[in-house]
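# Structural features, examined
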Amino acid sequence: MPEILSGKEVQQAILHQLQPRIASFRESTGRPPGLAVILVGHNPASQIYVRNKVKACQELGIYSEQYNPPETTTTEDVVQLVESLNRRPDIDGILVQMPLPAQVDAQRVILTIDPAKDVDGFHPYNLGQLVSGRPGLRPCTPAGIMRLLEHYRIPVAGKKAVVIGRSDIVGKPMALMLLHAHATVTICHSRTADLAAEARQADLLVVAAGKPALVTAEFIKPGAVVVDVGINRVTDRARVEELFGDDPDKLTSFEKTGSVLVGDVHPRDVRQRAGAYTPVPGGVGPLTIAMLMANTVEAAERRLCKCSASGSLAGWQQGSPT
Ligand code: NDP
């Protein structure tokens, strides 16, 4: 049986390590680290993500504030809100939940966030720091996956890693982090000529395509480590039976709720071929929230210790990478 790489277990380890850092930050400053979350409109999936993030803050003793501008809000309104949060000394992290409605210019909003408070790690300054291997706030999902690999002592240096997906928030930063950890990295995408053949080369396969069960047995080298980032909801009964025919619990759950979650990797095939894999749910998802908490604490500490009074980038030039 392959090893199951539990994101929940790693999440607990990350959160546990943050507790004394939060306590010591409070002692030094008289306040907890602070996170502001902006959710524009009422996207139901985004509402769940934001609720989980705020809940994680509460459980950990991080101060959080939530802003919920209406669906019809303008770029200018969001930019002004971000600018006001940039100026707030008690707010260390600013998160703008994506996706934004079409009329809001997401790039302009991201560019407005003070890079020292950019806890999602999406600002071009932080992405540039990542490219050059310098300290900065890293995108949460790939940073969490690196923590998972460390936690389970999965060797990366010298290994052949394949990343399926090249988004700015998962695929590209994931490939860069694996490269910095000395893997030989291939990035695949929707125009890759023979995806299965590329994937089959991988000792470590990370899949972030957003396509349910895209990766089947012929993509997986026997014994490979498979990290499944995808979260897809399947509502078609025949498809659920094809994916989970051997898992009565999933079928029962489908009967009750009308849907089940599946990753980008076929759940049966990965069990048969991989040496270790992350389940969906319970794999990568919990890591993303844990790393958001870690980035908020990191941002708070750096602003306290190293940045100039204006909260400028000065402190980012020193210190160890996150
Ligand atoms: P995007 O849609 O931004 O990017 C998807 C990438 O996958 C693109 O680069 C696309 O290629 C590639 N792709 C799509 N279809 C194929 C295909 N058939 N073959 C090869 N490559 C393909 O998605 P994200 O990166 O934002 O997210 C990916 C998945 O991860 C989603 O399911 C999302 O819900 C999930 N996710 C989960 C998180 C978690 O915490 N667990 C956090 C973030 C995301 P191209 O560039 O050519 O279009």
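The paragraphs below set out a description of the structure included in this document.

Procedures and definitions
- Residues numbered from 1 in each chain as written.
- Predicted model: local features only at pLDDT ≥ 70, side-chain atom pairs only at ≥ 80, totals over all residues.
- Heavy atoms only, no water.
- Core = buried A, V, L, I, M, F, W, Y, C linked by side-chain atoms within 4.5 Å.
- Buried < 20%, exposed > 50% of the residue type's maximum accessible area, 1.4 Å probe, protein only.
- Helix = DSSP H or I, 4+ residues; strand = E, 2+ residues; numbered from the N terminus.
- Domains from an automatic or database assignment.
- Contact = heavy atoms within 4.5 Å.
- Pairing = 2+ DSSP bridges.
- Axes fitted to C-alpha atoms, helices over the stretch in contact; angles between N-to-C directions.
- Disulfide = S-S within 2.5 Å.
- Near = heavy atom within 4 Å.
- Polar contact = N/O pair within 3.5 Å; in protein donor to acceptor, adjacent residues only side chain to side chain.
- Areas by Shrake-Rupley, 256 points an atom, 1.4 Å probe, with all protein chains shown as cover.

Formed by 53 residues in total, the largest nonpolar core has its most connected members in L18, L35, L178, V206 and M293. When residues in this core are grouped by element, the largest group, ten residues, is from helix α12 (residues 284-305). Residues lining this core come from more than one domain, with at least three contributed by each of domain 1 (25-117) and domain 2 (140-284). For M293, the residues in contact, after removing those within four places along its chain, are L15, L18, L35, K53, A56, C57, L60 and I62. Grouped together as the second largest cluster of nonpolar side chains are 18 residues, A196, A202, V226 and V265 included.

In this section: the sheet that holds strand β8 (residues 225-228). If you trace the six strands from one edge of the open sheet to the other, you get β1-β11-β8-β7-β5-β6, paired in parallel fashion. In the strand order of this sheet, the two ends are held by β1 (3-4) and β6 (184-188), each with one partner. Taken strand by strand, helix α7 (residues 171-180) contacts β5 (160-164), β6 and β7 (204-207), and its axis lies near 170° from that of β5.

Moving on, we get to the pairing of β8. Covered by surrounding structure in β8 are V225 and V227 together with V226 and D228, the residues of both alternating faces. Two strands pair when backbone bridges link them, and β7 and β8 are joined in this way by four bridges, in the parallel orientation. Along β8, the bridge assignment pairs L205 with V226. In the sheet, β8 pairs with strand β11 (residues 276-277) via two bridges, with the strands oriented parallel. The residue of β11 that forms the bridge with V226 is Y277.

Turning to the pairing of strand β4 (residues 93-96), a few remarks are in order. Residues in a regular strand point their side chains to alternate faces of the sheet. Every second residue of β4 is oriented toward a common face, with G93 and L95 on one face and I94 and V96 on the other, all of them buried. Bridge analysis of strand β2 (residues 34-38) against β4 gives four bridges, and the strand direction is parallel. Note that in β4 the partner of A36 across the bridge is I94.

In the structure shown here, the tally under the stated rule is zero disulfides. Looking at the unpaired C57, the closest cysteine sulfur is the one in C140, lying at 11 Å. Assessed through its relative accessible area of 4%, C140 is described here as buried.

Neighbouring the ligand are 22 residues, the closest being R166, S167, H189, S190 and T288. A distance of 2.7 Å is found between an oxygen atom of the ligand and a side-chain nitrogen or oxygen belonging to R166. Contact distances for the ligand include 3.5 Å between a nitrogen atom and a backbone N or O atom of H189. For the ligand, whose unbound accessible area comes to 920 Å², protein coverage reaches 71%. Top element by residues in the shell around the ligand is α12. It accounts for three residues.

Further remarks concern the sheet that holds β2. Within the open sheet, the three strands sit side by side as β3-β2-β4. Their pairing is parallel. Every other strand in the sheet has two partners, leaving β3 (63-67) and β4 as the edge strands with one partner each. On average, adjacent strands in this sheet sit at an angle of 15° to one another, irrespective of strand direction. For β2 and β3, the ladder comprises five bridges, and the chain directions are parallel. Residue pairing for β3: I38 is matched across the bridge by Y67. On top of the sheet, helix α2 (residues 44-60) reaches β2, β3 and β4; it is set at about 155° to β3, its chief contact.

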